[in-house]
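Now for the letters of each chain:
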Amino acid sequence: EAKAQGRGSYAFYTQALTRSARVRMEMEADLRRGLAREEFRLNFQPVVDLASGRIVGAEALVRWQSPAHGLVPPNRFIPLAEETGLIEPLGDWVLEEACQQMASWIAAGASLDFMAVNLSPRQFQRGSLCEHMEDVLRRTGLAPARLEVEITENVLFGAAAAAERKLHDMRDSGVRIALDDFGTGYSSLAYLKRFPISKLKIDRSFVHDLPRAADAEIATAIISIARALGLDVVAEGIEAPEQCTFLKARGCGYGQGYLFGRAVTSERFLRLALQGPNVTAPSPSGSIRLH
Ligand code: C2E
Ligand code: MG
Ligand code: MG
Ligand code: MG
């Protein structure tokens, strides 16, 4: 009786496994097809200078407009793309598209300091990453100093000499490196000394309960570490004015979150960036357009 039941649940287990393996394989095939059919889009979220409210940069965030699955958020396909290696062609496309958009915004007169692009650990293991990046920058005409690469602490955890070399090569070429989701990974303060990091991004889980509770202490500590080391600091996931006020008072330079704006299409981002004090290029009549 117990044996029969055991066999039964084993059969059920393999069935479920087979089904999840099939779903995964189908998803992988859909991803592959989606790449070939250009179903991916970039949206751009503003990063603002908290003191002036000015938009200083954009973070490129990928979306998949799939005929089979609808609009798929990155958390639902990036991990699979990582496992299957599809992140390489996808990441190449993201980098090129982001740099090209940034170059076109600058040409349109937007005054923006940086375009931030997320790089996952697997992309970082690739030998030709830096050459590829320099190639894209040359092709799109974007100044290296206007590209910012976002990595997580997990990329640095136990980083091989090769990965460390890549970070230094990138930094030497002028590209800036930001540590994303800071405080949630395998954090080590030694990394901040060893790797050429320019910016810390306070993870939104530490912004959520501001100005209350432990978040106030953690956010304050991250801001003071960044300032002491001469790093820029951005708070992610700012949704409420109280969070913003707190962070500003503690000396956080930059912010990102729904309070300032969600990720939007390239056209909408350009319109936002050209508003207010974000215009540098004179209009054809020679006067500066202010809204
Ligand atoms: P991330 O790099 O930490 O990006 C920030 C995420 O927080 C984005 O989610 C953004 O839409 C969301 N967010 C921004 N402001 C707020 C807010 O005020 N409240 C809340 N609740 N959320 C906010 P998204 O676009 O779904 O991206 C999720 C993650 O997927 C990213 O986290 C990043 O790790 C990854 N990802 C996105 N695009 C790419 C890409 O092109 N390449 C790679 N490798 N990873 C990417
Ligand atoms: Mg990011
Ligand atoms: Mg983040
Ligand atoms: Mg994240």
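Residues numbered from 1 in each chain as written. Chains lettered and ligands numbered in written order. Predicted model: local features only at pLDDT ≥ 70, side-chain atom pairs only at ≥ 80, totals over all residues. Heavy atoms only, no water.

### Comments concerning the overall build of the protein
Helix and strand counts for the protein stand at eleven helices and nine strands. Expressed as a percentage of its 291 residues, the buried residues of the protein come to 44%. Long-range contacts, defined here as pairs at least 24 residues apart, represent 66% of the contacts in the protein between residues at least 6 apart. By element, 53% of the accessible surface of the protein is carried by carbon and sulfur atoms, the whole surface being about 14,900 Å². (Helix = DSSP H or I, 4+ residues; strand = E, 2+ residues; numbered from the N terminus. Buried < 20%, exposed > 50% of the residue type's maximum accessible area, 1.4 Å probe, protein only. Contact = heavy atoms within 4.5 Å. Areas by Shrake-Rupley, 256 points an atom, 1.4 Å probe, with all protein chains shown as cover.)

### Quick word on the site of ligand 1
For ligand 1, the set of nearby residues contains 22 residues, the closest of which are Asn118, Asp180, Arg204, Glu239 and Tyr258. Separating a nitrogen atom of ligand 1 from a backbone N or O atom of valine 62 is a distance of 3.2 Å. Here a nitrogen atom of ligand 1 sits 2.5 Å away from a polar atom, N or O, in the side chain of glutamate 239. Counting only elements with at least two residues in the shell around ligand 1, the list comes to β2 (55–66) and β6 (176–182). Among the elements that take part in the shell around ligand 1, β2 stands out by supplying four residues, more than any other. Partitioning the shell around ligand 1 into residue classes produces seven nonpolar, seven polar and eight charged. (Near = heavy atom within 4 Å. Polar contact = N/O pair within 3.5 Å; in protein donor to acceptor, adjacent residues only side chain to side chain. Nonpolar A, V, L, I, M, F, W, Y, C, P; charged D, E, K, R; others polar.)

### Details of the coordination of the magnesium ion (ligand 2)
Binding of the magnesium ion (ligand 2) to the protein goes through Glu59 (OE), Asn118 (OD1), Glu150 (OE) and Asp180 (OD), at separations of 2.0 to 2.2 Å. Separation of the magnesium ion (ligand 2) from the magnesium ion (ligand 3) amounts to 4.1 Å, with aspartate 180 serving as a shared donor to the pair. Of the two residues, glutamate 150 sits in strand β5 (residues 147–152) while aspartate 180 sits in strand β6, which places them 30 residues apart along the sequence. Here the two residues glutamate 150 and aspartate 180 agree in accessibility, since each one is buried. (Donors = N, O, S within 2.8 Å, 3.2 Å for Na, K, Ca; no water.)

### Let's talk about the coordination of the magnesium ion (ligand 3)
Within the protein, Asp180 (OD), Asp181 (OD), Glu236 (OE) and Glu236 (OE) serve as the donor atoms for the magnesium ion (ligand 3), at 2.1 to 2.4 Å. The class of aspartate 181 is partly exposed, set by a relative accessible area of 25%.

### Considering the pairing of β6
Within β6, five of the seven residues are buried, which leaves the element mostly enclosed by the surrounding structure. With five bridges joining them, β5 and β6 adopt parallel strand pairing. From the neighbouring strand, valine 149 faces β6, where its bridge partner is isoleucine 177. As paired strands, β6 and strand β7 (residues 199–202) are joined by three bridges and run parallel to one another. Looking at the pairing, leucine 179 lines up with leucine 200 of β7. Crossover β6 to β7 through helix α8 (residues 189–194) is right-handed. (Pairing = 2+ DSSP bridges. Right-handed = clockwise from strand over helix to strand, strands pointing away.)

### A look at the packing of aromatic side chains
Geometry of an aromatic ring pair is reported as the spacing of the ring centres plus the angle between the planes. Applying the stated criterion across every chain, the model contains seven aromatic pairs. Between the aromatic rings of tryptophan 64 and phenylalanine 77, the centroid separation amounts to 5.8 Å while the plane-to-plane angle is 75°, which identifies the pairing as edge-to-face. Of this pair, tryptophan 64 sits in strand β2 while phenylalanine 77 sits in the loop between β3 (70–72) and α2 (78–84), and the two are 13 residues apart along the sequence. As far as the burial class goes, tryptophan 64 and phenylalanine 77 line up, both buried. Judged by centre distance (4.6 Å) and plane angle (20°), the ring pair of tryptophan 105 and phenylalanine 269 falls under stacked. Taken as a pair, tryptophan 105 in helix α3 (residues 87–107) and phenylalanine 269 in helix α11 (residues 266–274) lie far apart in primary sequence, 164 residues in all. Classification of tryptophan 105 by relative accessible area gives buried; the value is 1%. Take phenylalanine 269: its relative accessible area is 0%, and that puts it in the buried class. (Phe/Tyr/Trp six-rings, centres within 6.5 Å; stacked < 30°, edge-to-face > 60°.)

### Notes on the side chain of glutamine 123
Looking at the element boundaries, glutamine 123 is found in helix α4 (residues 121–125). Beyond its immediate chain neighbours, meaning those up to four positions away, glutamine 123 contacts Glu82, Ile87, Gly91, Asn118 and Leu129.

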